[in-house]
Amino acid sequence: MDKVMAQLESLLAHYEELQEMMSDPEVINDTKKYMEISKEEADLREVVEKYKLFCNDQSEIANNKEIISHESDSDLIDMAKEENIALEEEVTKLEEEIKILMLPKDPNDDKDIIMEIRGAAGGDEASLFAGDLLRMYQKYAENQGWQMSIIDAEETEVGGFKRVAVMISGDKVYSKLKYENGAHRVQRIPVTESQGRVHTSTATVAVMPEYEQVDLDLDPKDIRVDVYRSSGAGGQHINKTSSAVRMTHLPTGIVVAMQDQRSQQQNREKAMQILKSRVYDFYESQNQASYDAKRKESVGTGDRSERIRTYNYPQNRVTDHRIGLTLNKLDRIMNGELEDIISALVLYYQTKQLEKMADDNA
């Protein structure tokens, strides 16, 4: 903890500098700079406040120890001892909270996301499960006060989705939903199963941070755009015009096809939006080899054996295999009550980071 305390002293000094800068007329008149400094100040505020409280408690404990050592009044000594018991409990709690706040931040945590859900192994049942996952995330987004919109979808005849892409925006979306990357397995009796046998199928979920202008600039010369006639539902209009768009990012080979919107312009806008996020995701992974490995690790092939979580309907049970968590409330989880799972995953990965930090400081 000594190294962390030294870092906190430096951080406190920097925080005070930021507050001074925010009152500087030159900074106030520079909107962009002021916003950057304000954001940094806000990001540091919680850990600074907890550190100040930690230091204050330590000082109170030291004062009480002086009273215990030198005071003759037994009532004052007893009062000081009682205060120190409570203060030491609070110090221990603050110490753990500060350690977590000092962990390296994922630069994408504050970003909105694009989520892609695809039916994988299991045919029609997999596509239906993809639709169930979509509704689960929609309800979770509502509970969080986030905004969610479908930007691309390919429905199946049975009412599910072969694939569906959504944009979710709000407060710290990526920080919570990044753990949903992977193959999700369902065990249940399909509506089409006449003999009541439990089937297993899967859907994959991929979560990508939303592109931002400051992160990436795509050169138009690097993008090939092809237009063609849409196919599928939509009546006569959809086949009369070349409204569908396929965009290929030549340096990476990433392809996005969009025909979900009514006009070519709308499809262009949506295709570019998704392409930017996929290219951003690619460059975050640095090269093609690590990109392929990352995507495979994230979502796998959709094979039944590659799963991060199992949804067992007959037993109303959900199991997250990464952390060995089992909850017997599948009905509530499918209704968007994901907080218990996500909080457990956050805690698990924070603990892993803390263990690494302790090893590094040893």
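The structure we're discussing is the one just above.
Anyway, here's the lowdown on the structure attached to this text. (Residues numbered from 1 in each chain as written. Predicted model: local features only at pLDDT ≥ 70, side-chain atom pairs only at ≥ 80, totals over all residues. Heavy atoms only, no water.)

**Quick look at the overall build of the protein chain**
At step 1: When helices and strands are tallied, the protein chain shows 11 helices and 11 strands.
At step 2: Considering only residue pairs separated by 6 or more positions, the protein chain has 61% of its internal contacts joining residues 24 or more positions apart.
At step 3: As displayed, the protein chain offers around 20,000 Å² of accessible surface, 48% of which is attributable to carbon and sulfur atoms. (Helix = DSSP H or I, 4+ residues; strand = E, 2+ residues; numbered from the N terminus. Contact = heavy atoms within 4.5 Å. Areas by Shrake-Rupley, 256 points an atom, 1.4 Å probe, with all protein chains shown as cover.)

**As for the sheet that holds strand E8 (residues 254-258)**
At step 1: Ordered in space as E6-E7-E8, the 3 strands form an open sheet in which the pairing is antiparallel. Each edge of the sheet is formed by a strand with only one pairing partner; in this case those strands are strand E6 (223-228) and E8. This sheet shows a mean twist of 15° between the axes of neighbouring strands, independent of strand direction.
At step 2: The sheet contact formed by strand E7 (residues 244-249) and E8 spans 5 bridges and is antiparallel. (Pairing = 2+ DSSP bridges. Axes fitted to C-alpha atoms, helices over the stretch in contact; angles between N-to-C directions.)

**Description of the packing of helix H3 (residues 31-70) against helix H4 (residues 74-101)**
At step 1: The N-to-C vectors of H3 and H4 enclose an angle of 155°; their axes lie 8 Å apart at closest approach. Here H4 runs roughly antiparallel to H3, going by the angle between their axes. Remark: the crossing between H3 and H4 carries left-handed chirality.
At step 2: Residues of the contact of H3 with H4, tallied by class, amount to 15 nonpolar, 3 polar and 11 charged. (Parallel < 35°, antiparallel > 145°, perpendicular 65-115°, else oblique. Left-handed = near helix turned anticlockwise from the far one by under 90°. Nonpolar A, V, L, I, M, F, W, Y, C, P; charged D, E, K, R; others polar.)

**What to know about the sheet that holds strand E9 (residues 309-312)**
At step 1: What the 8 strands build is an open sheet, ordered E2-E3-E1-E5-E4-E9-E10-E11; its pairing is mixed. Only two strands of the sheet have a single partner each, and these edge strands are strand E2 (147-155) and strand E11 (325-327). Within this sheet the neighbouring strands show an average axis-to-axis angle of 15°, counted without direction.
At step 2: Bridge analysis of strand E1 (residues 113-119) against strand E5 (residues 199-209) gives 7 bridges, and the strand direction is antiparallel. Considered in E5, the bridge of Met-115 is made with Val-207.
At step 3: Each of E1, E2, strand E3 (161-169), strand E4 (182-188), E5 and E9 is contacted by helix H5 (residues 124-144), which is oriented at about 45° to E5, the strand it contacts most.

**Considerations on the nonpolar core**
At step 1: Counting 35 residues, the largest nonpolar core has Met-115, Ile-117, Leu-133, Tyr-137, Leu-177 and Tyr-311 as its most contacted members.
At step 2: For this core, the secondary-structure elements that each account for two or more residues are E1, H5, E3, helix H6 (173-177), E5, helix H10 (330-333) and helix H11 (339-361).
At step 3: By residue number, the principal contributor to this core is H5, which donates 8 residues.
At step 4: Residues within four places of Ile-117 in sequence aside, it is in contact with Ala-130, Leu-133, Leu-134, Tyr-137, Lys-162, Arg-163, Val-164, Thr-204 and Val-205.
At step 5: By size, the runner-up hydrophobic cluster in this structure holds 24 residues, among which are Val-4, Val-91, Ile-98 and Met-357. (Core = buried A, V, L, I, M, F, W, Y, C linked by side-chain atoms within 4.5 Å. Buried < 20%, exposed > 50% of the residue type's maximum accessible area, 1.4 Å probe, protein only.)

**Overview of the pattern of salt bridges**
Two side chains that carry opposite charge are able to pair once their charged atoms sit near each other.
At step 1: In the structure shown here, the tally under the stated rule is 19 salt bridges.
At step 2: Close ionic contact of Asp-110 with Lys-39 constitutes a salt bridge, the shortest N to O distance being 3.4 Å. Within this pair, whereas Asp-110 is found in the loop between H4 and E1, its partner Lys-39 is found in helix H3, the two being separated by 71 residues in sequence.
At step 3: Overall, Lys-39 belongs to the partly exposed group, its relative accessible area being 45%.
At step 4: A salt bridge links Arg-322 to Asp-320, with the shortest nitrogen-to-oxygen separation between them at 2.7 Å.
At step 5: We classify Arg-322 as partly exposed; its relative accessible area is 24%.
At step 6: Taken together, the salt bridges that share partners define one network made up of Lys-39, Asp-43, Asp-110 and Lys-172. (Salt bridge = Lys/Arg side-chain N within 4 Å of Asp/Glu carboxyl O.)

**Quick notes on the side chain of Glu-125**
At step 1: Structurally, Glu-125 can be placed in helix H5.
At step 2: Within the structure, the side chain of Glu-125 is placed 2.4 Å from the side chain of Arg-188, a separation counted as a polar contact.
At step 3: Those residues in contact with Glu-125 that lie beyond four places of it in its chain are Arg-188, Pro-190 and Ser-201. (Polar contact = N/O pair within 3.5 Å; in protein donor to acceptor, adjacent residues only side chain to side chain.)

**Here's the deal with H5**
At step 1: Over its 21 residues, H5 extends 31 Å from the first C-alpha to the last, a length consistent with the 30 Å expected when each residue adds 1.5 Å.
At step 2: Positioned one or two residues after H5, Gly-145 has a phi angle of 75°, which is positive. (Expected span 1.5 Å × (residues − 1).)

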